[in-house]
Every structure is written in structure tokens, then in C-alpha cells.
Amino acid sequence: TAALAAMHRREPPASLEALNRAIAAYVPPVAFAPRAVLGEGPVGAGIAFVGEQPGDQEEIQGRPFVGPAGQLLMRALNEAGIVREEAYLTNAVKHFKFEARGKRRIHVTPSAGEVRHYRWWLMDELDLVAPRLVVALGATAALALTGRPVAITRSRGPLMLDRGPGFVTVHPSYLLRLPDEAARERAYAAFVGDLKAAQALAA
Ligand code: URA
């Protein structure tokens, strides 16, 4: 990990394609699915969204934010007037960490060390995409983007990140986990409000 990090600092990738080739060629530890799910969207996008890691569906389809949490994010982006194809979407960790339970693959949160391991790639990636604003979706993304633990409830809103202006909000899977319908609707409305505020900052 240290050697990999040192290598990255000496030689930033020449292009997003070169970076993505390096990520795709990397073989993750056994707790992770071997297929990398790369970032998606145009270089020069005004706004970038960083999630935690691909989920089961993302790993199967090879695209970020296509499973249940991703679909909820797409609905919220749409309501906030953000076009998916114009935004850059990626994850702090590029592989799906899971535990097998029968035929199901259950999401496992990546450790702080694992987030740190992937963080050099994320920084290179954002340097190449160069968005005006980076939105951290949840605690793992915020950790990756600041290098320190971030309490989402306290830091929600605009936040200076390592590589420039950012915005911290909840992860869409948090909304899916809320047991109470009314609470879920309130939280969803607040999430859409955050996306609108972020979009205004990125404009
Ligand atoms: N959750 C994430 O954090 N990222 C994805 O790509 C999908 C779900």
C-alpha cells in the first residue's frame, strides 16, 4: 500500500483512461469482488458525486449507481435538476466488499485503511475530471475526500475538501434504511435540498 501510494505521488496518470486501466488491472484483497467499477461521466463535469463503493448490482453491471441506492440517487438528482450524463459519478472504493450469505452478497463497509488505500486513485481521478464541486455521499466518501473521520450530521453542507470546494450529505442507502415512511420522506426531501444547494454552488 505504501509503495503504491508513493508510486502514485511520483507519477500522476496522464489521462483518465490510463488511471482507469491501472484501477481495472489491480487485484483487490479476497473480501472484495475482483471486478472494478470505474467512475462515469465527462472530464470537466461541473459537479462530481462520490459514493462509498459499488454494490452487488453495480458489480454485476459494471457501472456505478445502478442498484437500489443508485436509483434513488438518480431520482433525487432528477428532482434537483441535475442531469446524470453531465455529472461525474464515482466511488471512494472501486471494488465491492461483501460477505457471502448463501447466494446473496451482503455489503460490508470498507475499513478506514482500505479507504486510504484507494484514496490516491480518487484524488488522481478528481484532479483529471477537475469538477468545480465534489459532493461526498456519506461518511466513507467524506473520509476519503478529507483524510479524516467526518460526522455527517454535524458536517452536512458545504465543506472544504483536500482538493477544493466540497459538499457533504448523506448516502442514499441511509434513506433506504429508514424504517418509518414519514421520516424517510422528510430525509429524502432534505437530500434533494442538499443536491440543489450543491448544484447552485457548482454552477
Ligand atoms: N452505493 C455507492 O456508494 N456507490 C454505488 O456505486 C452504488 C451504491
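Below or above, wherever it landed, is the structure these notes cover. Please read all numbers here as calculations on a predicted model, not as lab measurements.

**So, the environment of Met-160**
Right, so step 1: In this fold, Met-160 is placed in strand β6 (residues 157–161).
Right, so step 2: For the pair Met-160 and Thr-146, spaced 14 residues apart in sequence, the C-alpha to C-alpha distance is 8.2 Å.

**A look at helix α9 (residues 181–202)**
Every α-helical turn comprises 3.6 residues, leaving residues that sit three or four positions apart pointing alike.
Right, so step 1: Compared with the 32 Å implied by 1.5 Å per residue over 22 residues, the 31 Å span of α9 between its first and last C-alpha is a close match.
Right, so step 2: Tucked into the core, α9 has its buried residues touching β1 (47–51), α4 (68–79), β5 (133–137), β7 (164–169) and α8 (172–177).

**Considerations on the packing of aromatic side chains**
Right, so step 1: Enumeration according to the criterion identifies five aromatic pairs in this entry.
Right, so step 2: Plain terms: the ring middles of Tyr-26 and Tyr-118 are 6.2 Å apart, the flat faces sit at 90° to each other, and that makes the pair edge-to-face. Of this pair, Tyr-26 sits in the loop between α2 (16–25) and β1 while Tyr-118 sits in helix α5 (residues 112–129), and the two are 92 residues apart along the sequence.
Right, so step 3: Among the residues examined, Tyr-118 registers a relative accessible area of 1% and is labelled buried.
Right, so step 4: Ring centres of Tyr-26 and Trp-121 lie 5.2 Å apart, and the angle between their planes is 75°; on these two criteria the pair is classed as edge-to-face. Note that Tyr-26 is positioned in the loop between α2 and β1 and Trp-121 in helix α5, a separation of 95 residues in sequence.

**A look at the pairing of β7**
Right, so step 1: Among the six residues of β7, five are classified as buried, and the element is accordingly described as predominantly covered.
Right, so step 2: Judged from the four bridges that link them, β5 and β7 form a sheet pairing that is parallel. Bridge pairing in β7 links Val-135 to Phe-167.
Right, so step 3: Relative to β7, β6 is paired through five bridges, and the arrangement is antiparallel. By the bridge assignment for β7, Gly-157 is matched with Val-168.
Right, so step 4: The antiparallel pairing of β6 with β7 creates a hairpin that spans two residues between the two strands.

**Re the side chain of Glu-58**
Right, so step 1: Tracing the sequence through the fold places Glu-58 in helix α3 (residues 56–61).
Right, so step 2: Residues within four places of Glu-58 in sequence aside, it is in contact with Val-37, Arg-63, Pro-64, Phe-65, Val-66 and Gly-67.

**What about the side chain of Arg-119?**
Right, so step 1: Topologically, Arg-119 is positioned in helix α5.
Right, so step 2: A relative accessible area of 13% means that Arg-119 is categorised as buried.
Right, so step 3: Every residue in contact with Arg-119, bar those within four places of it in the chain, is listed here: Leu-143, Ala-144, Leu-145, Thr-146, Gly-147 and Asp-162.

**Some points on the pattern of salt bridges**
Right, so step 1: Within the structure shown, the criterion is met by eleven salt bridges.
Right, so step 2: Here Arg-101 and Glu-99 are joined by a salt bridge, their closest N and O atoms 3.7 Å apart.
Right, so step 3: Across the pair Arg-184 and Glu-181 runs a salt bridge whose closest N-O atoms are separated by 3.2 Å. Of the two residues, Arg-184 and Glu-181 are both situated in helix α9; the distance of three residues between them amounts to about one turn of the helix.

**Topic: the layout of surface pockets**
Right, so step 1: By volume, the largest pocket is sized at about 830 Å³.
Right, so step 2: Around the largest pocket sit 32 residues that line it, and Ala-69, His-107, His-171, Ser-173 and Arg-177 are the ones nearest its centre.
Right, so step 3: Mapped by element, the contributors of at least two residues to the lining of the largest pocket are α3, α4, β4 (104–107), α6 (139–146), α7 (152–155) and α8.
Right, so step 4: Counted by class, the lining of the largest pocket contains 13 nonpolar, twelve polar and seven charged residues.

Reading the values: rules and limits
Residues numbered from 1 in each chain as written. Predicted model: local features only at pLDDT ≥ 70, side-chain atom pairs only at ≥ 80, totals over all residues. Heavy atoms only, no water. Helix = DSSP H or I, 4+ residues; strand = E, 2+ residues; numbered from the N terminus. Expected span 1.5 Å × (residues − 1). Contact = heavy atoms within 4.5 Å. Phe/Tyr/Trp six-rings, centres within 6.5 Å; stacked < 30°, edge-to-face > 60°. Buried < 20%, exposed > 50% of the residue type's maximum accessible area, 1.4 Å probe, protein only. Pairing = 2+ DSSP bridges. Salt bridge = Lys/Arg side-chain N within 4 Å of Asp/Glu carboxyl O. 1 Å grid on protein atoms, 1.4 Å probe; cavity = no way out; pocket = protein on both sides within 12 Å on 5 of 7 lines; lining within 4 Å. Points joined across faces, edges and corners; volume = space filled by probe spheres on them. Nonpolar A, V, L, I, M, F, W, Y, C, P; charged D, E, K, R; others polar.

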